[in-house]
Amino acid sequence: MLRIAVPNKGALSEGAQTILKEAGYRQRRDSKELVVVDSENSCELFFLRPRDIAVYVGEGTLDAGITGRDMLFDSGSPAEEVMPLGFGRSTFRFAAPAGAHSGVDGLSGLRIATSYAGLLGKYLADQGVDARVIKLDGAVETAIRLGVADAVADVVETGTTLRNVGLEVFGEPIAHSEAILIKRAGAPEANGFQQLIRRLQGVLVARDFVMIDYDIRAERIDEAISITPGMEGPTVSPLHREGWVAVRAMVPRKGHQQVMDQLWEIGAKAILVTAIFACRL
Ligand SMILES: Nc1ncnc2c1ncn2[C@@H]1O[C@H](COP(=O)(O)OP(=O)(O)OP(=O)(O)O)[C@@H](O)[C@H]1O
Ligand SMILES: O=P(O)(O)OC[C@H]1O[C@H](OP(=O)(O)OP(=O)(O)O)[C@H](O)[C@@H]1O
Ligand SMILES: [Mg+2]
């Protein structure tokens, strides 16, 4: 049985459960269920706090897990990123009242509140800045107003939380994060792990690509192929009409309307775009 750790709540929980569902794994019926046995897929899903997932996987008690890249760095656990999953994107940044600080260099000797003490500590050490890290559990944005810190380092997604308390980001982003699949560093892959990767990759491709079909005059096929090169090369089939062919290719979902415009410009007809439900490349 492949043992997979899944965030049980928080910003990554819904995205993680959705991607596993689309990859064909069993869902939990309610949010109180902590372990789901999926015997059809020979795996067990363990619903855990996102922050703890790197710890379990790094210890080797679980074979795979979904967590945030920032949380993996923060944990210092001997787990490694296997693939990015394209959701739960955020940046990790310094913030303070407008104009208080301009960059990380100015933070020497000051107090910085964060719930990512491991990540922040490593960054400050790399930058050669000797600041005091104040470790809080959450809602760190309030720490400055309450006099506990001179600056904060926290997850920023939309920036709404910072704006609401009158703080502004400063300095370069400390880290860019998204949800990732992790395994124990250097450990051999468990049974079913490669299948999990292939299924997740299939979901990501199905999300990012669409299928395009169109008819085109045979003499314009080279131009058409340069617009829709496909993955391995498009499928070109004869059409029951003298001098015409039918073409089928995968194209990035983003920009597919521009691709349709370009095909139309070179005389393509019956241009159809359809969603990909599932795929294995
Ligand atoms: N808007 C967001 N707020 C917080 N985390 C986000 C956001 N968007 C993406 N993330 C990512 O989600 C992960 C944090 O998840 P979560 O907020 O559930 O953890 P936590 O803050 O430790 O838990 P809790 O808030 O329950 O104490 C990080 O990897 C972070 O980068
Ligand atoms: O830029 P935004 O879109 O506003 O999102 C970022 C905020 O969301 C997270 O808080 P969370 O809800 O996880 O609470 P916490 O601080 O208690 O962890 C994070 O810690 C920031 O406070
Ligand atoms: Mg949080």
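Residues numbered from 1 in each chain as written. Chains lettered and ligands numbered in written order. Predicted model: local features only at pLDDT ≥ 70, side-chain atom pairs only at ≥ 80, totals over all residues. Heavy atoms only, no water.

What is the right way to look at the UniProt feature "domain: ATP phosphoribosyltransferase catalytic" (unreviewed entry) in the protein chain in this model?
Per the UniProt annotation, the sites labelled "domain: ATP phosphoribosyltransferase catalytic" (unreviewed entry) are residues 49-202. The straight-line gap between the two end C-alpha atoms of residues 49-202 is 26 Å; of that span, 28% is helix and 32% is strand. (UniProt positions renumbered as here; feature names shortened; annotations may be inferred. Helix = DSSP H or I, 4+ residues; strand = E, 2+ residues; numbered from the N terminus.)

Would you take a moment to explain a nonpolar patch on the surface for this structure?
Where nonpolar side chains cluster on the molecular surface, the patch consists of Met1, Leu34, Val35 and Val37 and spans about 360 Å² of accessible area. By the element assignment, Val35 lies in strand E2 (residues 35-38). (Patch = residues over 30% accessible without salt bridge, like charges linked within 9 Å, V, L, I, M, F, W, Y side chains within 5 Å. Areas by Shrake-Rupley, 256 points an atom, 1.4 Å probe, with all protein chains shown as cover. Salt bridge = Lys/Arg side-chain N within 4 Å of Asp/Glu carboxyl O.)

When you look at the confidence of the model for the protein chain in this model, what are you seeing that I'm missing?
As a general rule, the predicted coordinates of low-pLDDT regions are not to be interpreted in detail. When pLDDT is averaged along the protein chain, the result is 96; 100% of the residues meet or exceed 70. Complex prediction metrics read pTM 0.93 and ipTM 0.94. (pLDDT = per-residue confidence, 0-100.)

What should I look at first to understand the pattern of salt bridges in this one?
One side chain can pair with another of opposite charge once the charged atoms of both are near each other. Taken as a whole, this structure holds 11 salt bridges when the rule is applied. One salt bridge connects Arg29 with Glu33, and the closest N-O pair in it is separated by 3.2 Å. Arg51 serves as the salt-bridge partner of Asp74, at 2.9 Å between the closest nitrogen and oxygen. In this pair, Asp74 is assigned in helix H3 (residues 69-75) and Arg51 in helix H2 (residues 50-59), connecting sequence segments 23 residues apart. Accessibility expressed as a relative area gives 12% for Asp74, which makes it buried. The exposure class of Arg51 is partly exposed, given its relative accessible area of 30%. Each of Arg69, Glu81, Arg89 and Glu178 takes part in a single network of salt bridges with overlapping partners. (Buried < 20%, exposed > 50% of the residue type's maximum accessible area, 1.4 Å probe, protein only.)

What is the right way to look at the site of ligand 2 in this model?
Close to ligand 2 lie Gly138, Ala139, Glu141, Asp154, Val155, Val156, Glu157, Thr158, Gly159, Thr160 and Thr161, which account for all nearby residues. At a separation of 2.8 Å, an oxygen atom of ligand 2 approaches a polar backbone atom of Glu157. In the environment of ligand 2, an oxygen atom lies 2.5 Å from a nitrogen or oxygen atom belonging to the side chain of Thr158. In isolation ligand 2 offers 500 Å² of accessible surface; the protein chains occlude 59% of this area. For the shell around ligand 2, the secondary structure elements donating two or more residues are strand E9 (151-156) and helix H5 (160-164). Here the shell around ligand 2 gets 3 residues from one element, more than from any other, and that element is E9. Within the shell around ligand 2, the residues separate by chemical class into 3 nonpolar, 5 polar and 3 charged. (Near = heavy atom within 4 Å. Polar contact = N/O pair within 3.5 Å; in protein donor to acceptor, adjacent residues only side chain to side chain. Nonpolar A, V, L, I, M, F, W, Y, C, P; charged D, E, K, R; others polar.)

What's the story with the sheet that holds strand E6 (residues 90-97) in this structure? I'm lost.
As a general point, the strands of a sheet are linked pairwise by backbone hydrogen bonds and lie either parallel or antiparallel. Spatial ordering of the open sheet is given by E8-E7-E9-E6-E10, a layout of 5 strands whose pairing is mixed. Lying at the two open borders of the sheet, with one neighbouring strand each, are strand E8 (132-135) and strand E10 (167-177). Across this sheet, the average inter-strand angle for adjacent strands is 25°, counted without regard to direction. With 5 bridges connecting them, E6 and E9 associate as antiparallel partners. Bridging across to E9, Phe92 finds its partner in Val155. (Pairing = 2+ DSSP bridges. Axes fitted to C-alpha atoms, helices over the stretch in contact; angles between N-to-C directions.)

Help me understand helix H6 (residues 193-208) in this model?
Because an α-helix packs 3.6 residues into every turn, residues spaced three or four apart end up facing the same way. When the terminal C-alpha atoms of H6 are compared, their 23 Å separation across 16 residues agrees well with the 22 Å that a helix rising 1.5 Å per residue should span. Buried within H6 we find Phe193, Leu196, Ile197, Arg199, Leu200, Gly202, Val203, Leu204, Val205 and Ala206. (Expected span 1.5 Å × (residues − 1).)

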